[in-house]
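The residues making up each chain are set out below.
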Amino acid sequence: MSSPLVITGMGMVSPLGCGVNASWERLLAGRSGVSSITRFETGELPIKVAGTVPGRESDPEAGFDPDRVADAKERRKMELFSLYAMAAAEEALTQANWFPSSDEDRLATATIVGSGIGGFPTITQAQNTLSTRGYRRLSPFTVPAFLANLAAGNVSMRYGLRGPLGCPVTACAAGVQAIGDGMRLIRSGEAEVALVGGAEACIDPLSLASFHAMKALSTEQAAPAKASRPFDQARNGFVMGEGAGLLVIETLAHAEARGATPLAFLSGYGTSADAHHITAGPEDGAGAAAAIRAALRMAGLAPEAIDHINAHATSTPVGDRAEIAALRNAFGDALPGIPISATKSATGHLLGAAGGVESIFSALAAIQDRLPPTLNLEHADADLSDLNFVSGEAREHRCRHVLCNGFGFGGVNAALIVSKV
């Protein structure tokens, strides 16, 4: 029997703060990372709130300090999503104590960091420069900054990780798919260790206006912390978020051989396509249910063995309904007994980074037997009255196996099962 896969390191940058512990404890405490947008003037744009990563000036305890990640010269070549990935990578690799120095170990380490959009602000800024100042004023670093795979590329170059390099660009499933890709690479023997997850930073006037044109974003203005309301009757769209969540994964045998501490098992993974619609899943949730069933099969678990679900739950009426349909499809009569959390209520929707961040939240729920609350869930849809939502405050609950979902435009579905060591 092959050795099970384990997580040995975790790193995070989120709207709740920088660092896994800070983000997790604030999440459990019911704090929100959603606030009014101050990074740029929103003007007539009706979108006024987002889950922005706090800076050191507003959050001395856990704010993001780009100077600690890269010097000014390096930052000229990088977009913000790459900087977030670099910070998360340092934390994850430090916890795992994996800084390979031999050619053999470097070649055996994969770097898979998904992103839904990549360096979108660089593209919009470059277009503005082109229109107002001409092509000669464009930076030679424009393309390297915005390419979605450059988060993975910059991380691999900093640490000399010379194994497989990848970047699923699969919308909001990218972070979970990156983890699944890393699992496959280890199972196939192409890598022994993988740094996996997602990074995103596209809070930008054009991206917000574009999602608003689809009627996908919340137009809440007066109470930013109330804007993200998964499963609540008053929800009116998702809140854009940003950040990065990265994991170091390897086999248990490899971890034990080098004296690393296994934090949690990666028990199952599944992915599928809806083949239905560019932005909406089928009403019966069949495609997402197929991914969940595939993860259960890989883990060798019956549906009732799942102790907690971290739902994708973006806070859009169509998306939330489709996910619940998928969960009912996959779990049947077992679903009402499983506690469900929607952590996007506190962070907003991090798009391609969501799966990386939420897989860490799922791992921590399994490690600590604590379930994060769903904020702002005051009046769930009437047809959800039988479900066991974790709302209001965190809950202590024995967790052996936790399901984490990630679904994206184009009909892409991914599901991950994280288990207690």
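Residues numbered from 1 in each chain as written. Predicted model: local features only at pLDDT ≥ 70, side-chain atom pairs only at ≥ 80, totals over all residues. Heavy atoms only, no water.

Digging into the pattern of salt bridges
In step 1: By the definition in use, this model includes 19 salt bridges.
In step 2: Notably, a salt bridge pairs Arg235 with Asp381, separated by 2.9 Å at the nearest N-O pair. Remark: Asp381 occurs in the loop between strand S12 (370-371) and strand S13 (395-396) and Arg235 occurs in the loop between helix H9 (205-213) and strand S8 (243-251); sequence separation between them is 146 residues.
In step 3: The class for Asp381 is buried, based on a relative accessible area of 15%.
In step 4: Measuring nitrogen to oxygen at the nearest pair gives 3.0 Å for the salt bridge that ties Asp369 to Lys420. Highlighted residues: Asp369 in the loop between helix H14 (354-368) and S12 and Lys420 in strand S15 (residues 412-420), separated in sequence by 51 residues. Pair check on accessibility: Asp369 and Lys420 agree, each one buried.
In step 5: Three or more residues joined by partner-sharing salt bridges are found here, namely Lys226, Arg229, Asp232 and Glu378. (Salt bridge = Lys/Arg side-chain N within 4 Å of Asp/Glu carboxyl O. Helix = DSSP H or I, 4+ residues; strand = E, 2+ residues; numbered from the N terminus. Buried < 20%, exposed > 50% of the residue type's maximum accessible area, 1.4 Å probe, protein only.)

A closer look at the environment of Arg106
In step 1: Among the secondary structure elements, Arg106 is positioned in helix H4 (residues 103-107).
In step 2: A C-alpha to C-alpha distance of 9.8 Å links Arg106 and Glu192, two positions 86 residues apart in sequence.
In step 3: Setting aside residues up to four positions removed in sequence, Arg106 forms contacts with Pro100, Ser101, Tyr159, Gly160, Leu161, Arg162 and Gly163. (Contact = heavy atoms within 4.5 Å.)

Describing unusual backbone geometry
In step 1: A positive phi angle is found at Ala171, which is not glycine, with a value near 50°.
In step 2: Mapped onto the fold, Ala171 is located in the loop between strand S6 (165-166) and helix H8 (174-188).
In step 3: Residue classification places Ala171 among the buried positions, given a relative accessible area of 19%.
In step 4: Positive phi outside glycine occurs at Leu351, with the angle close to 50°.
In step 5: Within the secondary structure, Leu351 sits in the loop between helix H13 (344-347) and H14.

Digging into H9
In step 1: Ser207, Leu208 and Phe211 are the residues of H9 that are buried. Down the axis of H9, the buried set is contained in an arc of 100°. They therefore lie on one face.
In step 2: Those residues of H9 that are buried are in contact with helix H5 (120-133). (Arc of directions from axis to C-beta.)

So, the environment of Val412
In step 1: Relative to the elements of secondary structure, Val412 occurs in strand S15.
In step 2: Val412 sits in the buried class, given a relative accessible area of 13%.
In step 3: Sequence spacing of Val412 and Gly287 is 125 residues, and the spatial spacing of their C-alpha atoms is 8.3 Å.
In step 4: Among residues more than four places away in sequence, those in contact with Val412 are Thr170, Ala173, Gln177, Ser272, Gly406 and Phe407.

Focus on the pairing of S15
In step 1: Burial of S15 is extensive: nine of the nine residues sit out of reach of the surface.
In step 2: Looking at chain direction, strand S9 (residues 264-273) and S15 are connected through nine bridges and run antiparallel. Across the sheet, residue Leu266 finds its bridge partner in S15, namely Val418.
In step 3: Examined bridge by bridge, strand S14 (residues 401-408) and S15 share eight bridges and lie antiparallel to one another. Following the sheet pairing, His401 is matched in S15 by Ser419. (Pairing = 2+ DSSP bridges.)

Section: the packing of helix H3 (residues 80-96) against helix H7 (residues 150-159)
In step 1: Contact geometry of H3 with H7 gives a least axis separation of 9 Å together with a crossing angle of 45°. If you check the angle between H3 and H7, you find them oblique. Here the hand of the crossing between H3 and H7 comes out right-handed. For the pair formed by H3 and H7, the contact residues are Phe81, Ser82, Ala85, Met86, Ala89, Glu90 and Leu93 on the first element and Leu150, Ala151, Asn154, Val155, Arg158 and Tyr159 on the second.
In step 2: Counted by class, the contact of H3 with H7 contains nine nonpolar, two polar and two charged residues. (Axes fitted to C-alpha atoms, helices over the stretch in contact; angles between N-to-C directions. Parallel < 35°, antiparallel > 145°, perpendicular 65-115°, else oblique. Left-handed = near helix turned anticlockwise from the far one by under 90°. Nonpolar A, V, L, I, M, F, W, Y, C, P; charged D, E, K, R; others polar.)

Describing the environment of Pro4
In step 1: The residue Pro4 is located in the segment before strand S1 (5-14) in this model.
In step 2: With near-sequence residues (within four places) excluded, Pro4 lies in contact with Arg187, Glu250, Thr251, Leu252 and Phe265.

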